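Remarks on the overall topology
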Amino acid sequence: MAAHPHLPPSPPSPAWTSPTGASATQGQPASTLRCSVIVPVYNGAGIITRCLDALARQRGFGPDDYEIVVVDDGSTDATAAEVEAWIERHPHLRCRLARQPNGGPGVARNTGVQLAQAELVLFTDADCAPVAGWMEALAAAFDDPAVMGAKGAYLTEQTGLVPNFVQAEYEERYARMAGRSQIDFIDTYSAAYRRALFLENNGFDPIFRGSCEDQEFSFRLAQKGYRLVFVPAAQVVHLHDASLGDYAHRKFFIGYWKALLTRLHPERMVEDSHTPQTLKLQILLSGLGLLLAGPALLGLWSRPLRWTRWPLLATVAAFLATALPFLRALARRQPRLALAGPLLLAVRALALGLGYLAGAIHWAGVSPTTRRPVMPGWKRAAKRGLDVVGASIGLALSLPLIAMAAVAIKLDSPGPVFYRQVRVGQNGRRFQMLKLRSMVQDADRQLAQLIDLEHLPEPAFKLANDPRVTRVGRFLRRTSLDELPQFINVLRGEMSLVGPRPEEERIVALYQDHHRRRLAVKPGMTGPMQVSGRGALPLAERLRLELEYIDHYSLRRDLAILWQTLPAIWRGRGAY
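Residues numbered from 1 in each chain as written. Predicted model: local features only at pLDDT ≥ 70, side-chain atom pairs only at ≥ 80, totals over all residues. Heavy atoms only, no water.

Here we take up the overall build of the protein chain. Broken down by element type, the protein chain carries 18 helices and 15 strands. The buried share of the protein chain, reckoned over its 576 residues, is 53%. The long-range fraction of contacts in the protein chain, counting pairs at least 24 apart against all pairs at least 6 apart in sequence, stands at 79%. Roughly 26200 Å² of accessible area belongs to the protein chain as shown, and the carbon and sulfur atoms make up 62% of that amount. (Helix = DSSP H or I, 4+ residues; strand = E, 2+ residues; numbered from the N terminus. Buried < 20%, exposed > 50% of the residue type's maximum accessible area, 1.4 Å probe, protein only. Contact = heavy atoms within 4.5 Å. Areas by Shrake-Rupley, 256 points an atom, 1.4 Å probe, with all protein chains shown as cover.)

And the structure:
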């Protein structure tokens, strides 16, 4: 097995021994196993056996269908002794204990994946007890070969106020994810990945020692357009925070690590599939309220500061307004939760905000990892601004040309003026790309008669003398006027003025992992391909140019490509 920079070497451990004395080679996927379950644990004495007992009672999985890999992350209590005793009591199950120096849960999970022998790896935590159908639900998601990762859900049996509030928080997020065919956020209390993909992408980044390593990994995969899904039936019964102090402490450190996470993935500050947008607003409002609280308090004694009570009251009112939908859900769950809800929401927002501020200060000017964001946040904002201004001007100037082309298209051949085709955009999102129709109406059906798609030397192709192209279409293609409607795609946020060419789904399906990096940015109306040969370029050269553009992105380069586009259109190389 090749070494991976984010994966530690496997600790020494004996090969599996079955009841019949047969052994399996360590670290190599075994075809008889349907999945490997990885459980990292640190000082988990008293709770780890609860997790293992639940894993031993899985429905639909026999003892030879799965293995359990417990990774002790440098525990200083009796965790290892408890696990060893449990293994002795369950000789019919494949369970292994691996030990390593304390490196954090991400490193422990990486070690577990290296030891895993199945092609599908499942993750849960030591303080979780998976329900009887947990493995079955997660494994079923991978019956679809396009699915690369899956996320499950929390349950709780606790009756306290804080644990029930935590559960309500998660259920709000599950409701947000439930309607999505694809997600970008997986946390590893209930998760699964294809082992080969996990290793190819270097596993969890060990710099995240306390939190967010699982989110960061899923963001990395989503950036490449891999399909990740939510499986609500893959439930684990978790031991939530029992006290307000524990809850605030956990949220503070989540905020702390989020500062580093959003530095590596600044686009996730805008949105991800898990985090409610109201939470971000509540963090800002709580910070503003904290700043106003001091002057407002002093205003009780100092007349010049009395005015500050009004912005403080307005801030509190705005905070409560953002909380109303969640408070209604709390009231349906438990009336006393709704009464305590505003306080708990304020604690959550303040803890996350203060943690984020502490993390931002700590990581400022520090490069803790060799990885860099694809595009820093300020560059994304500037690029979007350029897109909106440029596309607005471009569309306004193009409308007369589009109108004239529409008349010519209708006079030349029957069919619609516009052609819509599904293309793959940023993070693998599908969208309908607009073009002026340049081919006959049934062009897609005629394609199979012209070329054998199964035996092409490469999946991307252009026919130099395509008989499906109309007379008007040849002119539109030669001058690139057929692409003017894509200014609408740019304004919708589906495309950019400059970027990699929007790719067809069938070609993306054939990408290797490193090719998928081109999906990290929005596709462009023009780009390095268009100014370097257009359709005349072989696929490998096109991908090389586009990945080089992403790796060395700058606004100056975007402007240079825009400047080079008109001469490239005039030359007409590869325009057919």
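Now that the structure has been shown, the text picks up again.
With that settled, consider the sheet that holds strand β14 (residues 503–504). Judged by pairing direction, the sheet is antiparallel, and its three strands sit side by side in the order β12-β11-β14 without closing on themselves. A strand with exactly one partner marks an edge of an open sheet, and here the two such strands are β12 (430–436) and β14. Here strand β11 (residues 418–424) pairs with β14 via two bridges, running antiparallel. The residue of β14 that forms the bridge with Arg 423 is Glu 504. (Pairing = 2+ DSSP bridges.)

What follows covers the side chain of Arg 423. Secondary-structure assignment places Arg 423 in strand β11. A polar side-chain atom of Arg 423 sits 2.6 Å from the main-chain carbonyl oxygen of Pro 502. Apart from residues no more than four positions distant in its own chain, Arg 423 is found in contact with Arg 429, Arg 430, Phe 431, Met 433, Pro 502, Glu 503 and Glu 504. (Polar contact = N/O pair within 3.5 Å; in protein donor to acceptor, adjacent residues only side chain to side chain.)

Note: β11 against β12, seven bridges, orientation antiparallel. Within β12, the residue paired with Val 424 across the bridge is Arg 430. Hairpin connection, β11 to β12: the antiparallel pair is bridged by five residues, and Asn 427 has positive phi, about 60°.

Here the idea is simple: oppositely charged side chains can pair when their charged atoms come close. Throughout the structure, instances matching the rule amount to 30 salt bridges. Across the pair Glu 169 and Lys 251 runs a salt bridge whose closest N-O atoms are separated by 3.5 Å. In this pair, Glu 169 sits in helix α5 (residues 161–178) while Lys 251 sits in helix α8 (residues 244–264), placing the two residues 82 residues apart along the sequence. Judged by its relative accessible area of 2%, Glu 169 is buried. One salt bridge in this structure joins Asp 482 and Lys 435, with 3.4 Å as the shortest N-O distance. Of this pair, Asp 482 sits in the loop between α14 (471–479) and α15 (486–491) while Lys 435 sits in strand β12, and the two are 47 residues apart along the sequence. Relative accessible area serves as the criterion here: at 3%, Asp 482 is assigned to the buried category. Several salt bridges share partner residues, and in doing so they unite Asp 184, Glu 267, Arg 268 and Arg 380 into one network. (Salt bridge = Lys/Arg side-chain N within 4 Å of Asp/Glu carboxyl O.)

Read across the sheet, eight strands follow the order β5-β4-β3-β6-β9-β8-β10-β7 without closing on themselves; strand pairing throughout is mixed. Of all strands in the sheet, those bounded by a partner on one side alone are β5 (94–100) and β7 (128–130). Ignoring strand direction, the axes of neighbouring strands in this sheet form an average angle of 30°. Judged from the seven bridges that link them, strand β8 (residues 147–155) and strand β10 (residues 227–238) form a sheet pairing that is parallel. From the neighbouring strand, Lys 151 faces β10, where its bridge partner is Phe 230. Across the face of the sheet, helix α2 (residues 79–89) comes into contact with β3 (35–41), β4 (66–73) and β5 while running at roughly 160° to β5. (Axes fitted to C-alpha atoms, helices over the stretch in contact; angles between N-to-C directions.)

Here the focus is the packing of aromatic side chains. Each pair of aromatic rings is reported with the distance of its centres and the angle of its planes. Counted by the stated rule, this structure contains 24 aromatic pairs. Taking 5.8 Å as the distance between ring centres and 35° as the angle between the ring planes, the aromatic pair formed by Phe 123 and Phe 198 counts as tilted. Highlighted residues: Phe 123 in strand β6 (residues 120–124) and Phe 198 in helix α6 (residues 195–200), separated in sequence by 75 residues. Overall, Phe 198 belongs to the buried group, its relative accessible area being 1%. Ring-pair connections join several aromatic residues into one group, and the members of that group are Phe 208, Phe 252, Phe 253, Tyr 256, Trp 257 and Trp 363. Looking at Arg 516, its charged tip hangs above the ring of Tyr 226, at a distance of 4.4 Å from the centre. (Phe/Tyr/Trp six-rings, centres within 6.5 Å; stacked < 30°, edge-to-face > 60°. Lys NZ or Arg CZ within 6 Å of the ring centre and 35° of its normal.)

All right, on to the packing of α5 against α8 then. Viewed as axis vectors pointing N to C, α5 and α8 meet at an angle of 40°, and their least axial separation amounts to 9 Å. Classified by the angle between their axes, α5 and α8 sit oblique to one another. Note on element contacts: α8 touches α5 through Leu 244, Tyr 247, Arg 250 and Lys 251, opposite Val 162, Phe 165, Val 166, Glu 169, Tyr 170 and Arg 173. Split by residue class, the contact of α5 with α8 holds six nonpolar, no polar and four charged. (Parallel < 35°, antiparallel > 145°, perpendicular 65-115°, else oblique. Nonpolar A, V, L, I, M, F, W, Y, C, P; charged D, E, K, R; others polar.)

We now examine the side chain of Thr 565. Along the chain, the position of Thr 565 falls in helix α18 (residues 555–571). We classify Thr 565 as buried; its relative accessible area is 15%. Residue contacts for Thr 565: discarding those within four places in its chain leaves Thr 526 and Val 531.

Leu 55, Ile 68, Leu 122, Phe 123, Trp 134, Met 135 and Tyr 193 are the most contacted members of the largest nonpolar core, which totals 96 residues. Ranked by the residues each element gives to this core, the list is headed by helix α11 (residues 335–363), at eight residues. For Trp 134, the residues in contact, after removing those within four places along its chain, are Val 37, Leu 55, Gln 58, Leu 122, Phe 123, Thr 124, Ser 190, Ala 234, Gln 235 and Val 236. Within the second largest apolar cluster, 27 residues are counted, among which are Ala 391, Val 417, Val 531 and Tyr 549. (Core = buried A, V, L, I, M, F, W, Y, C linked by side-chain atoms within 4.5 Å.)

This next bit is on the packing of helix α7 (residues 213–223) against α8. Close contact between α7 and α8 brings their axes to 10 Å; oriented N to C, the two are set at 15°. Judged by the inter-axis angle, α7 sits roughly parallel to α8. Remark: the crossing between α7 and α8 carries right-handed chirality. Residues Gln 215, Glu 216 and Phe 219 of α7 form the contact with α8, whose participating residues are Lys 258, Leu 261 and Leu 264. (Left-handed = near helix turned anticlockwise from the far one by under 90°.)

So, on to the environment of Val 41. Along the chain, Val 41 turns up in strand β3. In this structure, the C-alpha to C-alpha distance between Val 41 and Arg 99, residues 58 residues apart in sequence, is 9.8 Å. In this structure, Val 41 is in contact with Ile 48, Val 70, Val 71, Asp 72, Asp 73, Ser 75, Thr 79 and Ala 126, ignoring residues within four places of it in sequence.

With respect to the helices and strands, Val 71 occurs in strand β4. We classify Val 71 as buried; its relative accessible area is 0%. Between the C-alpha atom of Val 71 and that of Asn 110, which follows or precedes it by 39 residues, the distance is 9.5 Å. When near neighbours in sequence (up to four residues on either side) are disregarded, Val 71 contacts Val 39, Pro 40, Val 41, Ala 98, Gln 100, Ala 108, Thr 111 and Gly 112.

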